Amino acid sequence: MNIIKTQPKSITTESTKYCPGCGHGIVLRLIGEIIDELGIREKMILTAPVGCAVVLYDYMLCDVVECAHGRAPAVATALKRVHPDKFILVYQGDGDLAAIGTAEIIHAANRGENLSVIFVNNAIYGMTGGQMAPTTLIGQKTTTSPSGRTAKGMGKPIRVCELLTTLEETKYLERTTVHSVRNINKTKAAIKKVFQNQMNGVGFSMVEILSMCPVGWKVSPTESLQFIEEQMISYFPPGVYKDTD
Amino acid sequence: MAENNIGSDSKRVLLKGNEAVGEAAIKAGCQCYFAYPITPQTETPEYLSRRMETENRVFLQAESEVAAINMVFGAAAAGARVMTSSSSPGISLKQEGISYIAGAELPCVIINVVRGGPGLGNIEASQADYFQTTRGGGHGDYRCIALAPNSVQECYDMTMNAFDLADYYRMPVFIQSDGIIGQLVEPFEMHPYKPMFEKLPPKTWALTGCAGRKPNVVRTLYMTPADGLEQLNRKLEQKYKKIQSELRWFENYNCDGADLIIIAYGATSRIAKSAIKKHNGNGKKVGLFRPRTIWPWPDVELVEIAKKNKNVKFLVIEMSMGQMLEDVQLALMDIVLKKDILFYGMGGGWNPTPESIYDKISETLKK
Ligand SMILES: Cc1ncc(C[n+]2csc(CCOP(=O)(O)OP(=O)(O)O)c2C)c(N)n1
Ligand code: SF4
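Residues numbered from 1 in each chain as written. Chains lettered and ligands numbered in written order. Predicted model: local features only at pLDDT ≥ 70, side-chain atom pairs only at ≥ 80, totals over all residues. Heavy atoms only, no water.

### Digging into the overall build of chain B
Next up, step 1: In terms of helices and strands, chain B carries twelve helices and 15 strands.
Next up, step 2: For chain B, the C-alpha radius of gyration of 21 Å lies close to 21 Å, the compact-globule estimate for 367 residues.
Next up, step 3: Its C-alpha atoms put chain B at 70 × 50 × 40 Å along the principal axes.
Next up, step 4: When the 367 residues of chain B are sorted by exposure, 60% land in the buried category.
Next up, step 5: In chain B, 81% of the contacts between residues at least 6 apart in sequence involve partners at least 24 apart. (Helix = DSSP H or I, 4+ residues; strand = E, 2+ residues; numbered from the N terminus. Rg over C-alpha atoms; globule rule 2.2 N^0.38 Å. Buried < 20%, exposed > 50% of the residue type's maximum accessible area, 1.4 Å probe, protein only. Contact = heavy atoms within 4.5 Å.)

### Remarks on the overall build of chain A
Next up, step 1: Helix and strand counts for chain A stand at ten helices and seven strands.
Next up, step 2: Taking 18 Å as the expected radius of gyration for a compact globule of 245 residues, we find that chain A reaches 17 Å, a close match to that expectation.
Next up, step 3: A principal-axis box enclosing the C-alpha atoms of chain A has dimensions of 50 × 50 × 30 Å.
Next up, step 4: Counting every position in chain A, which comprises 245 residues, the buried fraction comes to 57%.
Next up, step 5: Put simply, 68% of the contacts in chain A that link residues at least 6 apart link residues at least 24 apart.

### Side note on the nonpolar core
Next up, step 1: Grouped together as the largest cluster of nonpolar side chains are 132 residues, with contacts concentrated most on Phe 34, Met 83, Ile 145, Ile 263 and Phe 314 of chain B.
Next up, step 2: If one sorts the elements of this core by residue count, helix 6 (residues 152-169) of chain B sits on top with ten residues.
Next up, step 3: Mapped onto the domain boundaries, this core takes at least three residues apiece from domain 1 (3-205 + 217-246) and domain 2 (252-366) of chain B.
Next up, step 4: With 48 residues, the next largest nonpolar core counts Leu 28, Tyr 59, Phe 87 and Ile 184 of chain A among its residues. (Core = buried A, V, L, I, M, F, W, Y, C linked by side-chain atoms within 4.5 Å. Domains from an automatic or database assignment.)

### Some details on the packing of helix 1 (residues 17-27) of chain B against helix 2 (residues 43-54) of chain B
Residue and element names in this part refer to chain B.
Next up, step 1: Here helix 1 crosses helix 2 at 35 degrees, and the two axes come no closer than 8 Å. Here helix 1 runs over helix 2; the crossing is right-handed. Contacts from Asn 18, Glu 19, Val 21, Gly 22, Glu 23 and Ile 26 in helix 1 reach Glu 43, Thr 44, Tyr 47, Leu 48, Arg 51 and Met 52 in helix 2.
Next up, step 2: Each residue belonging to the contact of helix 1 with helix 2 can be placed in one class, and the counts come to five nonpolar, three polar and four charged. (Axes fitted to C-alpha atoms, helices over the stretch in contact; angles between N-to-C directions. Left-handed = near helix turned anticlockwise from the far one by under 90°. Nonpolar A, V, L, I, M, F, W, Y, C, P; charged D, E, K, R; others polar.)

### With respect to the state of the cysteines
Residue and element names in this part refer to chain B.
Next up, step 1: Scanning the entire structure with this criterion turns up zero disulfides over all chains.
Next up, step 2: Considering cysteine sulfurs only, Cys 32 is the nearest to Cys 30, which forms no disulfide, with 6.9 Å between them.
Next up, step 3: With relative accessibility at 1%, the residue Cys 30 sits in the buried group. (Disulfide = S-S within 2.5 Å.)

### What to know about the site of ligand 2
Residue and element names in this part refer to chain A.
Next up, step 1: Around ligand 2 lies a shell formed by Tyr 18, Cys 19, Cys 22, His 24, Cys 52, Asn 122, Gly 126, Cys 213 and Pro 214.
Next up, step 2: In this structure the site holding ligand 2 corresponds to the largest pocket.
Next up, step 3: Class assignment of the residues belonging to the shell around ligand 2 gives a composition of six nonpolar, three polar and no charged. (Near = heavy atom within 4 Å. 1 Å grid on protein atoms, 1.4 Å probe; cavity = no way out; pocket = protein on both sides within 12 Å on 5 of 7 lines; lining within 4 Å. Sits in = over half its atoms within 2 Å of the grid points.)

### Details of the pairing of strand 1 (residues 44-48) of chain A
Residue and element names in this part refer to chain A.
Next up, step 1: The buried count for strand 1 comes to five of five residues, which makes it a mostly enclosed element.
Next up, step 2: Burial along strand 1 is two-sided: the residues Met 44, Leu 46 and Ala 48 and Ile 45 and Thr 47 are all buried.
Next up, step 3: Bridge count between strand 1 and strand 3 (residues 87-93): four bridges; the pairing is parallel. In the sheet register, Ile 45 faces strand 3, and the bridge partner there is Ile 88.
Next up, step 4: Strand direction decides the pairing type here: strand 1 and strand 2 (residues 63-66), joined by four bridges, are parallel. In the strand pairing of strand 2, Leu 46 is matched with Val 64. (Pairing = 2+ DSSP bridges.)

### Remarks on the side chain of Glu 33 of chain A
Residue and element names in this part refer to chain A.
Next up, step 1: With respect to the helices and strands, Glu 33 occurs in helix 1 (residues 23-38).
Next up, step 2: The class of Glu 33 is buried, set by a relative accessible area of 10%.
Next up, step 3: Of the polar contacts made by the side chain of Glu 33, one reaches the side chain of Lys 188; its length is 2.8 Å.
Next up, step 4: Here Glu 33 is in contact with Lys 5, Pro 8 and Lys 188, once residues within four sequence places are set aside. (Polar contact = N/O pair within 3.5 Å; in protein donor to acceptor, adjacent residues only side chain to side chain.)

### Let's talk about the sheet that holds strand 15 (residues 341-345) of chain B
All names here are of chain B.
Next up, step 1: Here we have five strands laid out as an open sheet, ordered 10-12-11-14-15, and mixed in their pairing. The open sheet has two edge strands with one neighbour each: strand 10 (250-253) and strand 15. On average, adjacent strands in this sheet sit at an angle of 20 degrees to one another, irrespective of strand direction.
Next up, step 2: Sheet topology note: the strand 10/strand 12 (residues 286-291) ladder contains four bridges and is antiparallel. Opposite Tyr 253, over in strand 12, you have Leu 288 as the bridge partner.

### Thoughts on the pattern of salt bridges
Next up, step 1: Overall, the coordinates contain 37 salt bridges over all chains when judged by the stated rule.
Next up, step 2: Here Lys 16 of chain B ties to Glu 43 of chain B by a salt bridge, and the two come within 3.1 Å at their closest N and O atoms. Note that Lys 16 of chain B is positioned in strand 1 (residues 11-16) and Glu 43 of chain B in helix 2, a separation of 27 residues in sequence.
Next up, step 3: Here Asp 327 of chain B and Arg 135 of chain B are joined by a salt bridge, their closest N and O atoms 2.8 Å apart. Taken together, the residues span a long stretch of sequence, with Asp 327 of chain B in helix 11 (residues 324-332) and Arg 135 of chain B in the loop between helix 5 (130-134) and strand 6 (145-147) at a distance of 192 residues.
Next up, step 4: For Asp 327 of chain B, a relative accessible area of 11% puts it in the buried group.
Next up, step 5: Looking at Arg 135 of chain B, the relative accessible area reads 34%, which means it is partly exposed.
Next up, step 6: If you follow the salt bridges from partner to partner, you end up with Lys 5, Arg 29, Glu 33, Glu 37, Lys 188 and Lys 192 of chain A in one network. (Salt bridge = Lys/Arg side-chain N within 4 Å of Asp/Glu carboxyl O.)

### Concerning the side chain of His 191 of chain B
Residues and elements named next belong to chain B.
Next up, step 1: As for its position among the elements, His 191 is in the loop between strand 8 (185-190) and strand 9 (217-218).
Next up, step 2: A polar atom in the side chain of His 191 sits 2.6 Å from the side chain of Asp 157.
Next up, step 3: Discounting residues that sit within four places of it in the chain, His 191 has contacts with Ser 10, Lys 27, Gln 153, Tyr 156, Asp 157 and Met 160.

The following block contains the structure:
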């Protein structure tokens, strides 16, 4: 038998608590593969966010700190300052990064902290049961925008990559999605780039990943793929927003 | 943590309380300092911005107190000696992070140079953050050790002690000073770092990358009581009980045989002492009981003194509407009538003078 893929060594055999069809699980797998490929498991410290990915320490075999909601970039800043030779990975959801933690991500980016940020944008608050996020689309119904989000009074969804490009100390910004195999492969390449940038001392690098939350969106896993294809990518266009290399 | 002596032997120097705190942190081997400017504590970040740079350590002016305390959380998790400083409104903002630090059992030092409140209040000295500091402050069942200096010397010594206590007990330790003590300039003995303990527990839990060991996890989430949160709460409770039995610092000035005992800490204790010195010799004897730790509170010692002195009255003086007063009432509730525990104080940045305390003493003793 020819083994093409095995489970990454940096990931536990425990099954995740993510819902069926959730994008977080795909991102986790990609991170695991890249950690193995780069051989950095024993050199890294991961910051887990508050959100569905909070228990990342149950899934990953590396040092992990679970941060307060939105504060991972501040925690990671300190980790990197104390251990400049270690690889520090920041993982955040959209409520975590683009609502409660807006100040922390903007200032970590503005200081040009040499960090690798994985930003999982699923346009909703998954963990708390599907409330409106700063990235929720116009017209999208959530438990706290039952008639659909309106620009008036709720504002328009925040495009984080575009926002961060204006900060001159950011070095690499890319948006990808995980709703198809082709895009998953692109996402893997982007994550790898963001990892290698830190290892090469390039500076603040982030990949924003459009990700499915079928349970929060109240659709089937298949429909959630369509939602990204038909609704999300027109407002959040994938692509490289900054590459100063 | 290796002893880190900078400079040679002791020398007498003149510094502000807030600067002495900074120098003590340097001497105690503080590797990282994160803060956000606020009066009346800004001398500490200003002083440390220079000193940390010359020592090649981490100084970072954060974007907010929220970010600063989460940087403290990160540095502590990474195993570094770390400190932050602020004043009342900034400490309120830090409370979520302090709860996480206490829950994750990480060591750190937090300086609160208390100012008038509530709200933006004013920049005058105050002691109105007593409840916030001694009752935990943030959410959940936890405590912080709180040392209360009343001189520049104590700002220096206690800051050094704070690092040791934080590492020894694995928890946040407060230095609770105020606008007067922080701004006070007086000579003090700047001695090398004096460790409190011969050996500190190794930081085997620190995040350093998992080479050659199992991964370390720093967390505070436990989804069910049985999952570990009940256990964590019991463990913390035991730790706090141990500290209560080991760490009750106080000063007894003339309390033996006193007719009146003033109870005050920080700046008010200095002012009270001047008044007492002026008063003694007027026939009646006045003493001062000064808690040097405000958590844990030296209740056992106060009770001992109260038992010895029959008919003694107590006068609690605070720059607040009466917060430590409750700890005094609790300590003495079985042996002293409530009417014999008097209060003199005011909130909003008010401070007593030696004269006003002198008058208060005379009035109380006449009754
Ligand atoms: C200070 C604070 N406020 C609110 C919460 C509740 N909370 C937990 S997760 C979450 C939203 C997370 O959403 P997101 O970052 O988009 O991650 P997802 O679960 O969608 O992956 C909220 C509001 C909290 N834990 N802490
Ligand atoms: S709620 Fe959404 S984001 Fe959370 S695990 Fe389920 S599908 Fe994933």
